[in-house]
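Given next are the chains, with one letter for each unit.
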Amino acid sequence: MRNILKTRKGREEFFLKMYYESFPSVARYVSRRGGSMEDAKDVFQESLMIYYEQLVAGKKVHEHEGYLFGVARHLWYKRFREASSLPLVADESALSQVTDSEQDKADKPLHLLSFLQSAGEKCMEMLRSFYYDRLSMDEVAHRYGYRTTRSATVQKFKCLEKVRAQVKDKSLTYEDFTT
Amino acid sequence: MRTSLREIRELERFIQGISLPEERLLMEAKMQLDTSMPQKINRQKMAYQLVRDYGREKLREEIRNVEHELFEAPRHQGFRKRIVNLFKR
């Protein structure tokens, strides 16, 4: 499973399959609760991101549809709860991850790319492959054309140094980079 | 590897909590001696956060492209109709 997620093409196939298998049940759920198709699409997109992050982190999931539906239902429930200003329920633990991720989306405008690309797109892609997509350093070396894992590792730290250099002050928050 | 990169690598291990006990002790000592160390750690953590945000945005783009294809391309017409029907009131 993790191998297919390592290339863009593989991820595309995987996401397409997930849409076919799981989106109809999520859409039906959202529709029955008065949501629109756009709501269903948003919730599903976010669910796929969470699912992807779990998979590349090595989580074993035996049943895609049940997992995705569960995450989507939590996300929808959370939206509904916010929209209707209902008080928070006690069971926050199951929702915590979903909540964080949804919070990210709400808080962060999308001007990040232009800022970060000053570190160089190749650098950002390399860092993404290692830290976000969780490829091994051998795989990173191979993908970005380094002869040895060691030289790729040195480059990875150079890239990280560039990004770190842009973080000028410890009091800065993410929002400072995007406004 | 030059010194500054070695330091980044050490900080990475420290932040990820995978330093060996002796490395950890050394880092804690450095933090006592070098007052800029906490700030470096903080900046490095922010750098990881920025990389994560970048990764998420890129992934979101990929998912959006798939969704766009599903709702636009003729070959997915059957799927699309099935979804649209769910929202007919």
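Numbers given for residues are sequential positions, taken from 1 along each chain in its written order. Chain letters and ligand numbers both follow the written order, the letters beginning at A and the numbers at 1. Totals for whole chains, interfaces and linings use every residue, but because this is a predicted model, local features are given only for residues with pLDDT of at least 70 and side-chain atom pairs only at 80 or more, for both listing and counting.

An unreviewed UniProt entry lists chain A under the name DNA-directed RNA polymerase specialized sigma subunit, sigma24, with Echinicola vietnamensis as the source organism.

The subject of this paragraph is the overall build of chain B. Only DSSP runs of H or I with at least four residues qualify as helices, and only runs of E with at least two residues qualify as strands; both kinds are numbered from the N terminus onward. Within chain B one finds 4 helices and 0 strands. Across chain B, helices and strands are ordered from the amino to the carboxyl terminus as α-α-α-α. We compute the radius of gyration over the C-alpha atoms and compare it with the globule rule, which gives 2.2 Å times the number of residues raised to the power 0.38. Taken against the 2.2 N^0.38 rule, which gives 12 Å for 89 residues, the C-alpha radius of gyration of chain B at 24 Å runs more than 25% over that of a compact globule. Across its three principal directions, the C-alpha atoms of chain B cover 65 × 30 × 20 Å. Residues classed as buried in chain B amount to 18% of the 89 residues present. For every residue, the other C-beta atoms within 10 Å of its own C-beta are counted; 20 or more classify it as buried, 12 or fewer as exposed, and values in between as partly exposed. C-beta atoms are placed from the backbone.

With 40 residues of chain A in contact, the opposing surface of chain B contributes 35 residues. Among the elements that take part in the side of chain A that touches chain B, helix α1 (residues 8-32) of chain A stands out by supplying 12 residues, more than any other. Under this grouping Gly is polar, as are all residues other than the nonpolar Ala, Val, Leu, Ile, Met, Phe, Trp, Tyr, Cys and Pro and the charged Asp, Glu, Lys and Arg. When grouped by side-chain class, the residues that make up the side of chain A that touches chain B number 25 nonpolar, 3 polar and 12 charged. Any two residues are considered in contact once their C-beta atoms, placed from the backbone, lie within 7 Å.

Turning next to the nonpolar core. All names here are of chain A. Counting 24 residues, the largest nonpolar core has Val26, Val43, Phe44, Leu48 and Ala72 as its most contacted members. Top element by residues in this core is helix α2 (residues 37-56). It accounts for 8 residues. Phenylalanine 44 has contacts with Phe23, Val26 and Ala72, leaving out every residue within four places of it along the chain. Definition of nonpolar core: a set of buried Ala, Val, Leu, Ile, Met, Phe, Trp, Tyr and Cys residues joined via C-beta atoms within 7 Å.

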